[in-house]
Amino acid sequence: MALPPDLTTAEKASLTSGSDTWHTTAVRDAVPAITLSDGPHGIRRQRADAGDALGLTRSEPATCFPPAVALGSSWDPALARRVGAALAKEAAALGVDVVLGPGVNIKRSPLCGRNFEYFSEDPYLTGVMGAALVTGVQSRGVGACVKHFAVNNQETDRMRISADVDERTLREIYLPAFEHIVREARPYAIMCSYNRVNGVYASQHRWLLTTLLRDEWGFDGLVMSDWGAVNDRVAALEAGLDLEMPPTGTDGLIEDAVRSGRLTESVLDLAAGRVAGLAERVAGRERHDGWDVDEHHELAREAARASAVLLKNDGVLPLAPGLRVAVLGELARTPRYQGHGSSHVVPTRLDTALDALGRAVEGLTFAPGYRLDGEADADLAREAVECAAAAEVAVVFLGLPEAAESEGFDRTSIDLPGVQVELLRRVAEVCPRVVVVLSNGGVVSVAGWRHLASAVLEGWLLGQAGGAALADLLLGTHSPSGRLTETIPLRLADVPSHLHFPGSDGHVVYGEGRYVGYRHHDTLGTEVAYPFGHGLTYTRFEYSDLDVRETGPHTWDVAFTVANTGDRHGQEVAQLYVAFEAEHPSRPRHGLRAFAKVGLAPGASERVRLALGPRDLARWSVTRGGWRIDPGPFTVEVGASSRDIRLRAELSTPGDGYVGELSEMSTLGEWLAHPVGGRVLRERLRQAPGLPDLDRTDSPLVGLALGIPLIKFRTFGIGLTADVVADLVAAARSALPGDDR
Ligand code: BGC
C-alpha cells in the first residue's frame, strides 16, 4: 500500500508501533489495525486488551498441533503445509491476521529452554520445514512471522546476551534456514530476536535487517520486534526495523528525531509504508466463522503419529493382542503435550494415552508410579512395581515435567528426574518386557537406562492428540515414521557447544563454529546414543541402484531405489548428504542436502529422485565475501541416518573457477598455487640461482618457505626486491579475468 499522502509525522510514527500487545495502530480509516497472535503450533488468541507475552492471560481454545520439536521430526513438509493451512483457518476464525511463527532457530545445545519450539540442529531441515509451514499459513492469506532473527539459541540472558559468531558459521549454520524461507516461501513478516549479534542488538542490526535480509535475500515484508526487543527506536528504524511491539509510548521520540534531523523522514516513510503494506496484504485473507474441531483434531493426531520417533525396538512393539499390559507413569494420565511460555495454547480437547490404550486393551492396569514434582513417593512406586510384576509388558511413560523446561530459561542437565529412572529400574527387575515412552521438549539422556527397555518411543511434545497417536503407534495400527532432527548424545559433555554455553558477562562465544550437532560428532567419529536422522519403523527398507547424473554446471540429479522388504506398511525417510573428506579447507565431514519421505506397502519399491545444486557444494568464503565451490572430490551419500549411509557415489567438481587476488603478503605457497601468479613468479625465479626445486614436497626447506609472505623474501638476495614484488602483484592482477579482480 502506498502510504496515504496526507499522513502527519505523528501518524506515521504511530504506525511503527503497536496500539496494544496484539494490534498495530490504525490511522483514521486510511490504514486498518493488524491483529497478531502467537502460535506457532496453535493460535493463542487473547481477547483481553491487556494481553501478555508470557501466557499469563487465558486464550481462546484452539487446536494444539504438535510443537516444532515434534512436527520437525516428521520430516514431512507436505504435512507441515497442511498443518499451516489449518492454523490459518483457525487464525482467520479467531480474527487473527498474522501468526507469530514459525521459530526457526538452530538447536545449538540440548539445554536451550525453547528447543521445543524449534525444528532441528540442521539448517537445511529447519529451512524446509519452516518454509512448508509458512506456505501453508499464507495459502489462506494469513501472514506468517518467522522468528527469531537471528542467532537466538539460548534463553539465558536472552534480552542482553551477545552471540559472538564468526561470519562463516553465521552463513553456513545460523542464517540459511531464514534465507531459504525468505527466498522460497516469501513470509509476510520476520521477527527480530532480543539478543545482540556480535555486539549489536538484532533490533538495531542494519547489516542483518537491511543489507542481508532485504538487499541480498530480497525480503519484501515487514520486520517487527520481538516483544520488548527495541532499546532505541530511532536506531531500530534506521537499521530496518519497521514495527515495535508491544508499544512503549515513545512515538514522540520519533517525531522529535525527525524534527531535529536525527532521523530522515524518508526512513520513517519506508517503515510506516511497510506496516500499511502488511495491513493491505492481510485485508485479503480468508474469512471463517469457525472450523471443524474434529477434523483439526484428527489432523493433529495424524501429525503426532508422524512425529514420534522409535529409537529402539527388540520386537516387543507393536504390542501383540491379548498381552497383559500395565501402563505406568503419571505422564500417561497427565500428558505433557506442549511447552511453556508465549506459545502455550488452550487446546480444544486433550487425549491421554491412558484413555486411548485403556479403550483398546482389555484388562489394562495403571499406576502413576511417581510424582511430577520429582518428590520421592514410596507408596506410588511400590504400587507401580506390583502392577508391573503382574503384567507381561510394562509401558512406562517417562519425561520432563512442565517446570523442567520453558521459554525464558535453559536447562542445566539433560537427565530425566531421578525418581522416574529409579522406578524404571525397579519395574525392569520384575517385568520381562518394558517399553519406555518419552515426553520431553528438549533431548533427554537415555544412556544410563536404555538397556533396561526392550523398546523406546520418543514422543516429544505431541500436541493435544498426542495421547491417541501414541496408542496408535504402540498398538501398531500405524507404524512409527519420525526421525531424529537432533543427535541424542551419550553425555551432555559430548555436545560441541558444551564448553561455551550459555556464556558469561553478556557474551556467548560460538567457539564450536560450524560443528553443531552431527557435524561435530560425525567429523570426529564421537560415539552417540542415537544419531541425527535415526528412527525405526515396524518394517525394513533396502536401498539400491544409486545413479548420479550431472545435469548442468554444478547441478546433479540423484536417483536411487527404496524397497520395503519387511511385512508391514511403513514410511522411510531417505536422506542425502554431501560429504567432503578432504581436510582442506576444513569443513564438517558431511551435511544434509535433501531428503524424501516415502510410504511403501510390503514388497513395494519406489525410485526416489533428488536434486543437487551449486549451493549444495558451496562454502562461505570470508576472503571472497561470497559462496564458492572449491575444486576437488566429494561424495554423494544416501542413507537412513547420518550414521547409516547405504549408498555412495564419488564425484568431483572443477570448482567455480574463482581465483583470488594476490598481494605482497600472499605466501609463496599461495603464489605458486595461483594460476597466473604461479606462472609469473616461476618465470622470475628462474633467474635466481641456487634455489631448491619448489615442487619438492619432501623438502623441509621448501615446506618452510611456502608459508612465508612473498615480500619477506626481499632480504634473501634472490631478486625478490620490493619493486620486483610490486611488479609481480601488478602482473598477476592484470592477467586475471575481470570478475576475479
Ligand atoms: C517471544 C516471542 C513471542 C512474543 C509474543 C516473546 O517473549 O520471544 O516468540 O512471539 O513474546 O508473545
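Structure shown above.
Let me sum up the structure you'll find in this document. Being a predicted model, the structure only gives us computed values, none of them experimental.

What counts, and at which threshold
Residues numbered from 1 in each chain as written. Predicted model: local features only at pLDDT ≥ 70, side-chain atom pairs only at ≥ 80, totals over all residues. Heavy atoms only, no water. Helix = DSSP H or I, 4+ residues; strand = E, 2+ residues; numbered from the N terminus. Rg over C-alpha atoms; globule rule 2.2 N^0.38 Å. Buried < 20%, exposed > 50% of the residue type's maximum accessible area, 1.4 Å probe, protein only. Contact = heavy atoms within 4.5 Å. Areas by Shrake-Rupley, 256 points an atom, 1.4 Å probe, with all protein chains shown as cover. Salt bridge = Lys/Arg side-chain N within 4 Å of Asp/Glu carboxyl O. Near = heavy atom within 4 Å. Polar contact = N/O pair within 3.5 Å; in protein donor to acceptor, adjacent residues only side chain to side chain. Pairing = 2+ DSSP bridges. Axes fitted to C-alpha atoms, helices over the stretch in contact; angles between N-to-C directions.

**A word on the overall build of the protein**
And step 1. Check the secondary structure of the protein and you find 21 helices and 28 strands.
And step 2. In terms of overall dimensions, the protein is globule-like: its C-alpha atoms have a radius of gyration of 29 Å, near the 27 Å expected for 741 residues.
And step 3. Judged by the C-alpha coordinates and their principal axes, the protein covers about 95 × 70 × 50 Å.
And step 4. For the protein, buried positions account for 62% of its 741 residues.
And step 5. Sequence-distant contacts in the protein: of pairs separated by 6 or more residues, those separated by 24 or more amount to 75%.
And step 6. Carbon and sulfur atoms form 50% of the exposed surface of the protein, whose accessible area is close to 27500 Å².

**Structural notes on the pattern of salt bridges**
And step 1. Under the criterion given, the structure shown has 54 salt bridges.
And step 2. The partner of Asp220 in a salt bridge is Arg186, and the shortest N-O contact between them spans 3.3 Å. With Asp220 in the loop between helix 7 (206–216) and strand 10 (222–224) and Arg186 in the loop between helix 6 (176–185) and strand 7 (189–192), the pair connects residues that are 34 residues apart, well separated along the chain.
And step 3. Among the residues examined, Asp220 registers a relative accessible area of 44% and is labelled partly exposed.
And step 4. A salt bridge links Arg301 to Glu298; its shortest N-O distance comes to 3.9 Å. Of this pair, Arg301 and Glu298 both sit in helix 11 (residues 293–307), three residues apart, roughly one helical turn.
And step 5. Where salt bridges share partners, they join Arg587, Arg619, Arg624, Arg628, Asp630 and Asp656 into one cluster.

**Things to note about the site of the ligand**
And step 1. In the vicinity of the ligand, 15 residues are found, and the nearest of them are Asp38, Arg114, His148, Tyr194 and Asp226.
And step 2. Between Asp38 and the ligand, the recorded distance is 2.4 Å, taken from a side-chain N or O atom to an oxygen atom.
And step 3. Side-chain polar atom of Lys147 to an oxygen atom of the ligand: 2.9 Å apart, as the coordinates give it.
And step 4. In isolation the ligand exposes 310 Å². Once the protein is present, 99% of that is buried.

**Side note on the sheet that holds strand 21 (residues 555–564)**
And step 1. What the three strands build is an open sheet, ordered 20-21-24; its pairing is antiparallel. Whereas interior strands pair on both sides, the edge strands pair on one side only; in this sheet they are strand 20 (541–552) and strand 24 (605–612). Taken pair by pair, the neighbouring strands of this sheet meet at an average axis angle of 20 degrees, ignoring direction.
And step 2. Across nine bridges, the pairing between strand 20 and strand 21 is antiparallel.

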